[in-house]
Amino acid sequence: MIEELKNKIFSGEMITKDEAMSLIDAPLDELCKAADEIREKFCDNVFDICTIINAKSGRCSEDCKYCAQSAFHCTNVEEYPLLDKETVVNAAKKSADKGIKRFSLVASGKRLSDSEVDKVCEIIKEIRKISDISVCASLGLLNEEQFKRLKDAGLTRVHNNLESSRNYFPNVCTTHTYDDKINAIKAAKKAGLSVCSGGIAGLGESMEDRIDMAFEVRNLGVSSMPVNMLNPIKGTPYENNKKLTKDDMRRICAIFRFINPSAAIRLAGGRILLDDGGKSCFESGANAAISGDMLTTTGETVMSDMQLIKSLGFTAGLLDEVK
């Protein structure tokens with residue numbers, strides 16, 4: 001079955017949801033090997049690595065149950081407004097100097113205000129003056145006009161996670177809807193930006209929910225799909241959620257590769273919980289990662305990640321440029 005589906009994908013066809021569901025109980029090692037072969041065929045050995053900066057922290061009006069930055073939860077997270085231009089530009093330059101090809105500004109809140117969007121535009125312009133690093137941003141539920149302004153300033157990609165399936169999302173957040181997210185993604189694409197969108201595994205969702213989310217991402221034409229592993233944070237409603245295992249994450253990455261053959265499957269938050277730093281997932285179809293610290297948790301260092309991807313035969317680069 002695995003070989004048949006792999007050959008179907010190699011011939012240029014896409015698998016169906018029923019076929020993806022059949023992989024839930026497939027032999028894991030065989031599944032991961034086939035997923036890695038699909039990754040190599042459609043993405044070569046390019047590894048799309050990025051860093052992020054927590055450009056605006058805490059005081060978020062949204063009630064996402066996993067998030068330390070929500071004003072609904074008591075997590076003692078550091079709170080501050082949008083960082084100044086010099087701080088963000090210096091962080092981008094440090095990443096570029098380490099060989100990182102992408103850098104993203106991530107801001108808490110439902111959406112940035114117009115004046116904050118203007119400030120981000122100035123920051124992006126300054127980064128583009130001093131570096132050729134590709135600039136991305138996660139700024140909430142903006143509209144098409146705001147996304148166009150950001151693109152004109154030099155932004156290349158917008159991040160907006162779906163988090164889970166349409167069916168499960170109301171269990172995760174009630175202060176905005178799944179369609180709010182999809183509308184923002186569509187607005188970003190209309191503005192000419194590429195999109196990074198995925199979700200979090202370990203919220204209490206089923207494997208079918210994860211598969212439904214992956215198909216939603218595929219249908220939206222998303223080119224980069226973050227796969228977060230929930231890091232249960234004290235003070236959030238999910239603080240006692242059971243942590244997923246390395247094999248859970250291997251299977252998730254492999255199935256996502258079967259669903260989205262040419263996407264960047266990007267290990268993101270929670271990777272620090274894996275004892276191999278994600279190595280086994282990078283051998284199971286994943287080919288991208290967020291390196292360095294996350295928003296409110298620590299991550300793998302850029303140096304250790306660069307060594308890891310080199311040892312696996314990858315070359316750091318922008319996946320968009322090989323398609």
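Preceding this section is the structure that the text describes.
The paragraphs below set out a description of the structure included in this document. Since the structure is predicted, the reported quantities are computational estimates derived from the model, not experimental observations. Position numbers for residues count from 1 along each chain, tracking the sequence in the order it is written. Only residues with pLDDT of at least 70 get local features here, since the model is predicted, and only at 80 or more are side-chain atom pairs given and counted; chain-wide, interface and lining totals rely on the full set of residues. Calculated side-chain values reflect all of the structure's heavy atoms, with hydrogen atoms and water omitted.

**Remarks on the overall build of the protein**
Quick reminder of the rule: In this text, helices come from DSSP runs of H or I with a minimum length of four residues, and strands from runs of E with a minimum of two, each type numbered from the N-terminal end. Here the radius of gyration uses the C-alpha set of atoms, whereas the globule reference equals 2.2 Å times the residue count to the power 0.38. Between buried and exposed lies partly exposed: a residue is buried under 20% and exposed over 50% of the maximum accessible area for its type, with that area taken using a 1.4 Å probe on protein chains only. We call two residues contacting when some pair of their heavy atoms lies within 4.5 Å. To be clear on the numbers: accessible area is Shrake-Rupley with a 1.4 Å probe, and residue cover counts the displayed protein chains and nothing else. Lys and Arg are tallied as positive, Asp and Glu as negative. Neither His nor the chain termini are counted. For charged residues, the charge sits on one atom: NZ in Lys, CZ in Arg, CG in Asp, CD in Glu.
Each helix and strand counted, the protein has 11 helices and 10 strands in total. Relative to the compact-globule value of 20 Å for 323 residues, the protein shows a C-alpha radius of gyration of 18 Å, a close match. Seen through its principal axes, the protein has C-alpha atoms that stretch 55 × 40 × 35 Å. Burial statistics for the protein: of 323 residues in total, 57% are counted as buried. Here the contacts in the protein between residues at least 6 apart in sequence split such that 75% fall between residues at least 24 apart. As displayed, the protein offers around 13500 Å² of accessible surface, 48% of which is attributable to carbon and sulfur atoms. Of the side-chain charges in the protein, 44 are positive and 48 negative, and the distance between the mean point of each set is 3 Å.

**Overview of unusual backbone geometry**
You will see that Asp 44, though not glycine, has its phi angle at about 60°, which is positive. Within the secondary structure, Asp 44 is located in the loop between helix H3 (28-43) and strand E1 (46-56). Owing to a relative accessible area of 45%, Asp 44 belongs among the partly exposed residues under this scheme. With phi around 80°, Glu 163 is a residue other than glycine that occupies positive phi space. Mapped onto the secondary structure, Glu 163 falls in the loop between strand E4 (155-159) and helix H7 (178-190).

**Structural notes on the pairing of strand E3 (residues 134-138)**
Rules: Strands qualify as paired when DSSP identifies two bridges or more between them. Seen with the strands pointing away from the viewer, any crossover whose path from the first strand over the helix to the second strand runs clockwise is right-handed.
Taken across its 5 residues, E3 has 5 buried, putting it largely inside the fold. Where burial is concerned, the two faces of E3 agree: the one with Ser 134, Cys 136 and Ser 138 and the one with Val 135 and Ala 137 are both buried. Where strand E2 (residues 102-107) lies against E3, 5 bridges are found, and the strand directions are parallel. The residue of E3 that forms the bridge with Ser 104 is Cys 136. Crossover connection from E2 via helix H5 (residues 114-130) to parallel E3: handedness right-handed. As defined by bridge partners, E3 adjoins E4 across 3 bridges and the pair is classed as parallel. In the sheet register, Val 135 faces E4, and the bridge partner there is Leu 155.

**Some points on helix H1 (residues 2-10)**
For clarity, the threshold we go by: Here, the arc refers to the directions that run from the helix axis to the C-beta atoms.
All of the buried residues along H1 are Ile 2, Leu 5, Lys 6, Lys 8 and Ile 9. Looking down the long axis of H1, one finds its buried residues gathered within 160° of arc, a one-sided arrangement. Contacts made by the buried residues of H1 are with helix H2 (17-21), H3 and helix H9 (246-259). Phi turns positive, to about 100°, at Gly 12, one or two residues after H1.

**Describing the pattern of salt bridges**
When the charged atoms of two side chains lie near each other, side chains of opposite charge can form a pair. Heads up, the condition is: Basic side-chain nitrogens of Lys or Arg form a salt bridge, by our definition, when they fall within 4 Å of a carboxyl oxygen of Asp or Glu.
Under the criterion given, the structure shown has 26 salt bridges. Among the salt bridges present, the one from Asp 97 reaches Lys 93, with a minimum N-O distance of 3.1 Å. Here the residue Asp 97 and the residue Lys 93 both occupy positions in helix H4 (residues 85-97), the gap between them amounting to 4 residues, near one helical turn. Residue classification places Lys 93 among the partly exposed residues on the basis of a relative accessible area of 39%.

**Observations regarding the environment of Ser 22**
The topology assignment puts Ser 22 in the loop between H2 and H3. Contact partners of Ser 22, with chain neighbours within four places excluded, come to Met 1 and Leu 5.

**Considering the packing of helix H8 (residues 207-219) against H9**
Two measures define how a pair of helices packs: the angle their axes make with one another and the distance between the axes. Condition: With axes taken as lines fitted to C-alpha atoms, and helix axes fitted only over the stretch in contact, angles between N-to-C directions fall between 0 and 180 degrees. By definition, turning the near helix anticlockwise from the far helix through less than a right angle yields a left-handed crossing, and turning it clockwise yields a right-handed one. Here the nonpolar group is Ala, Val, Leu, Ile, Met, Phe, Trp, Tyr, Cys and Pro; Asp, Glu, Lys and Arg are the charged ones; every other residue, Gly included, is treated as polar.
Where H8 meets H9, the closest approach of the two axes is 10 Å, and the angle between their N-to-C directions is 35°. Taken as a pair, H8 and H9 cross one another with a handedness that is right-handed. Across the interface between the two elements, Met 207, Arg 210, Ile 211, Met 213, Ala 214, Phe 215 and Arg 218 from H8 touch Arg 251, Ile 252, Ile 255, Phe 256 and Ile 259 from H9. Its residues assigned to classes, the contact of H8 with H9 shows 9 nonpolar, no polar and 3 charged.

**Overview of the nonpolar core**
Inclusion rule: Grouping buried Ala, Val, Leu, Ile, Met, Phe, Trp, Tyr and Cys residues that are joined through side-chain atoms within 4.5 Å yields what is termed a nonpolar core.
By size, the foremost hydrophobic cluster in this structure holds 94 residues, and its most contacted members are Leu 23, Leu 105, Ile 127, Phe 147, Leu 150, Met 249 and Phe 258. Per element, the largest residue contribution to this core is 8 residues, and it comes from H9. Look past the residues within four positions of Leu 105 in its chain and what remains in contact with it is Ile 53, Ala 55, Val 88, Val 120, Ile 123, Ile 127, Val 135, Cys 136, Ala 137, Ser 138 and Leu 139.

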